[in-house]
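Descriptive analysis of the structure
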Amino acid sequence: MTALLQSSTTGVGPSRAVAALKRSDQVDSGVTTLSPRASADSLSREGQRRVASPRRILTLAACLALASLPGSLLAATRLHVSPQGNDANAGTAESPLATPQAARDHARRIIARGLTEPVEILFAAGTYQLASTLELRPEDSGTAQFPITWKATPGARVVWSGGRAIPRKWSKGADGVWQVDLQGVGPDAWNFRQLFVEEKRTTRARFPNADAPNPFLYATGGDLDHAIIAPALVKEAWGRARDAQINLVPQWRFFNQWNTVTKVDAKTGRIDFADSERHAKVIPGNWFWIEGVREELDQPGEWFLDRESRRLHYLPLAGVDPNSLAVVAPVLTRLVNARGDVEAGTHVRHVHFDGLEFRHTEFTLGHIEARVHTDTAVMFENTLDCVVRNCHFENIGGYALWLHLDSRRNRFDRNVVRHSGGGGVLLTGARLSYMDDTKIYTPGEAAAKVAPILNEITRNTVEHCGRIRYYGGGVHLDSRPAHMSMEPGNRIAHNYFNDLSRNGVFAFRNQGGSVVEYNHIHNAMQTTIDGACIHFATMNHLNAPNFILNNWLYDIWGYEQKPDGKPIRKLANGIFLDWDTSNTTVRDNWVYNSVGGAIKPIWENQKLVVENNRESDTRIVPPFVDELGPGGRATNGIDLAANRLTGSVVHYTDANHVATTGRWAPQTVTGMWGLFRFNFLVGTAAVPSTATYTLPIPQDGTYQVSLLYKSAQDSASNVPVVIDHADGRAKLTWNMRKGSRHGFSVPVGTYRFKAGGRHTVTLSTAHTDGNVIADAVAFVKVAD
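Residues numbered from 1 in each chain as written. Predicted model: local features only at pLDDT ≥ 70, side-chain atom pairs only at ≥ 80, totals over all residues. Heavy atoms only, no water.

This part takes up the overall build of the protein. For the protein, the helix and strand inventory stands at five helices and 66 strands. Over its C-alpha atoms the protein spans a radius of gyration of 28 Å, differing by no more than 12% from the 28 Å that the globule rule assigns to 784 residues. Expressed along its principal axes, the backbone C-alpha trace of the protein runs to roughly 85 × 85 × 55 Å. Among the 784 residues that make up the protein, the fraction classed as buried is 58%. Taking all contacts inside the protein whose residues are at least 6 apart in sequence as the whole, residues at least 24 apart take part in 79%. (Helix = DSSP H or I, 4+ residues; strand = E, 2+ residues; numbered from the N terminus. Rg over C-alpha atoms; globule rule 2.2 N^0.38 Å. Buried < 20%, exposed > 50% of the residue type's maximum accessible area, 1.4 Å probe, protein only. Contact = heavy atoms within 4.5 Å.)

Below, the structure written as structure tokens:
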């Protein structure tokens, strides 16, 4: 190809060639505009008019332009890495390095001198057992013109493994169980809870057995710290085990948690567990199994690790000698950690991974939120314009990729994720709580203000996932700060998701501005209830428009296990618009074999457009089937960056924009079903007090002003509200006994504001007849 490019004599100049390449890069995903119902007219709903101009495909002219580029323009600095290399080598093809860490250090020195061409770190075929996580920092960044690319040599199969091969020194015991001594193998305090035999995750010794007619135990009672089952089922060996866990689906039945067993009582049937992952109570009917007990090693394919003696026990299939098998146990929980500093405002930029395989990572216990498990093979924290493409993830303990904090314009494209403990891609802000501001994963003032946006997750295959953590799926967009709810979201398109523990796509609190289109999702909701192929629970009436378009969704199971061994199907939708999800267009989706509703909005949804969808109990095939999944090219042409609203939310904790007088007391109340807590300030007429919110108006225009508070009967019905706007001052009396039952926004009026002007909303307690709630004030532009 290089020779072809260098010898080309077409009359296309370099500047035109670069322009053609830029046009082709805008396409990148190879999409053409296919807009059966996506004209500007059909999208004109409450600010949902933002439709991009038709995208281009790579034309013959662009190909000729590419061919005309001089070889020097395509040159790259190349570092070579090989399993047979040495980190003392120069990193050339003839003298390759051995580890990614050494390649990073060489690349870092090149970057420090100033990039004049791209850098490619080429890996020869083979398996690289990483001794530690590859840590990348801002100093490892490339530029838009000169990216840093970690890639497989063309045609080579390159595996980055977080595991260690088990020595083929097995000996057979009298009971038919084989053993191998792990002294001198792996880290000193090695304790793994997964084992891969011939690249298949095998079963840790458990009860009941995985192939039992009913492979679960069922609680008859319990609480946060224990479960109770029929006493006759309890075995004393469970209490003696040093590292036994129960894999439990507790009260709400939409997630699982891993609890370490501390003791058992065979007389009462009580199983106690450690103070970790106590996310919900155990109630009658909850199901689980127990694993990590040597005495339960009774089924071919099961294994057990004795940490004290460092001996691994394994019961192979009949007639199989494990010395003939490739057995790997995980050591690392993460293979790549690319991290900028959110508080310092630094990012890792323009780093690409291309054509690599990531395998054999462990999962961890003690996660602070059941909905958000944070094990991942590749971590992008505070990254800009980074790419993972053409990569393969298999037998990993959690997600393939985790995008965290201020991560923007990253792409996860044409990857395959199979047999993961979690799912495909996780996106999170600093807080992982259900609705309040507890469960802070990343502390800090700057961290609290950011979350991933403008990322593209396209043309991927994710299947057979959620093997460890059930609350996962193809893509999980978790909470972002309320003030970001009007910002653009992320694009999830042309993916194939199959055989998932739970959702295909999930978007949680304050998520807005996302486009979910042309995905093929089926066999979802295999382990829990109350979810969907596409599940939005945005808890916000003022989010930027979301679009769910042209998806094919079917076989959504929603299994609730039962003691008689006959699970029932429950609450498993095609598209679920949960928790007041608003400002969302659902169109041209085809759904069959769901339970509880093919398309299901619940509670106080606002500004929904649900039209031209098809649903059935039996198989239906959309006319756009050839455009679905990784092979499709269609798009509805929605400009992701422009898909936003103008405005923000000012919270009472924002000292830069909120001032109080008098006496306001912090208060916390429990939300629906005890799932979360509301935190806010309360004032009364006993001490006349004010809370003044200054609105940072970004543009001149007319804005809708809303109050956010949880209504209650002990709240005041006559709250004085003063709004200073461009045309003067408005004085209102507001009834806080009424409003959103979930504490979401309630509009109080529209007013004209000027950018840069001092515009305020003031709440007062003077002469009120109950509690005055100072929580948040929102403003969103509705007209110029």
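After that view of the structure, there is still more to cover.
The strand order β56-β59-β64-β61-β62 describes an open sheet built from five strands, whose pairing is antiparallel. Edge strands, defined here as strands with exactly one partner in the open sheet, are β56 (658-661) and β62 (728-734). Neighbouring strand axes in the sheet, compared pairwise and without regard to direction, differ in orientation by 15° on average. In terms of strand pairing, strand β61 (residues 719-725) meets strand β64 (residues 760-764) through four bridges, oriented antiparallel. Across the sheet, Val722 pairs through a bridge with Thr762, a residue of β64. (Pairing = 2+ DSSP bridges. Axes fitted to C-alpha atoms, helices over the stretch in contact; angles between N-to-C directions.)

Right, let's talk about the environment of Asn256 for a bit. Inspection of the secondary structure puts Asn256 in the loop between β17 (245-249) and β18 (257-265). For Asn256, a relative accessible area of 3% puts it in the buried group. Within the structure, the side chain of Asn256 is placed 2.8 Å from the backbone nitrogen of Tyr470, a separation counted as a polar contact. (Polar contact = N/O pair within 3.5 Å; in protein donor to acceptor, adjacent residues only side chain to side chain.)

So, on to the state of the cysteines. For the structure shown, the criterion picks out zero disulfides. The thiol sulfur of Cys386 is not disulfide-bonded, and the nearest other cysteine sulfur, from Cys391, lies at 13 Å. With no disulfide of its own, Cys533 has Cys465 as its nearest cysteine by sulfur position, at a separation of 14 Å. (Disulfide = S-S within 2.5 Å.)

Further remarks concern helix α4 (residues 100-113). In this model, α4 (14 residues) spans 20 Å end to end at C-alpha, consistent with the 20 Å of a helix rising 1.5 Å per residue. For α4, the set of buried residues is Pro100, Gln101, Ala102, Ala103, Arg104, His106, Ala107, Ile110 and Ile111. Backbone geometry just after α4 places Gly114 at a positive phi near 105°. (Expected span 1.5 Å × (residues − 1).)

This brings us to the confidence of the model for the protein. With 91% of its residues at a pLDDT of 70 or more, the protein shows a mean pLDDT of 91. Ranking the elements of the protein by mean pLDDT puts helix α1 (residues 2-7) last, at 27, and strand β29 (residues 383-384) first, at 99. Throughout residues 1-73 the model reports pLDDT below 50, and contacts reaching past four residues in sequence, or to other chains, amount to 107 contacts. (pLDDT = per-residue confidence, 0-100.)

One finds Ile121, Trp150, Trp160, Phe353, Phe358 and Phe393 to be the most contacted residues of the largest nonpolar core, which totals 74 residues. Of all hydrophobic cores here, the second largest spans 50 residues; its members include Phe506, Leu695, Ala716 and Ile773. (Core = buried A, V, L, I, M, F, W, Y, C linked by side-chain atoms within 4.5 Å.)

Our next topic: the pairing of strand β6 (residues 158-161). Two faces make up the sheet, and in a regular strand the side chains alternate between them. On β6, burial covers both faces: Val158 and Trp160 on one face and Val159 and Ser161 on the other are all buried. As judged from the four bridges shared by strand β3 (residues 126-129) and β6, these two strands associate in the parallel manner. Counterpart to Gly126 in the pairing with β6 is Val158. Bridging between β6 and strand β27 (residues 357-359) involves three bridges; their strand directions are parallel. The residue of β27 that forms the bridge with Trp160 is Phe358.

What follows concerns the sheet that holds strand β7 (residues 163-165). In spatial order, the strands read β7-β23-β10-β11; together these four strands make up an open sheet with antiparallel pairing. Across the chains shown, the open sheet's two edge strands, defined by having one partner strand only, are β7 and β11 (200-201).

What follows concerns the pattern of salt bridges. Counted under the stated rule, the structure contains 42 salt bridges. Arg204 is the partner of Glu291 in a salt bridge, and the nearest nitrogen-oxygen pair spans 3.1 Å. Note that Glu291 is positioned in strand β20 (residues 287-291) and Arg204 in strand β12 (residues 203-204), a separation of 87 residues in sequence. Judged by its relative accessible area of 7%, Glu291 falls in the buried class. (Salt bridge = Lys/Arg side-chain N within 4 Å of Asp/Glu carboxyl O.)

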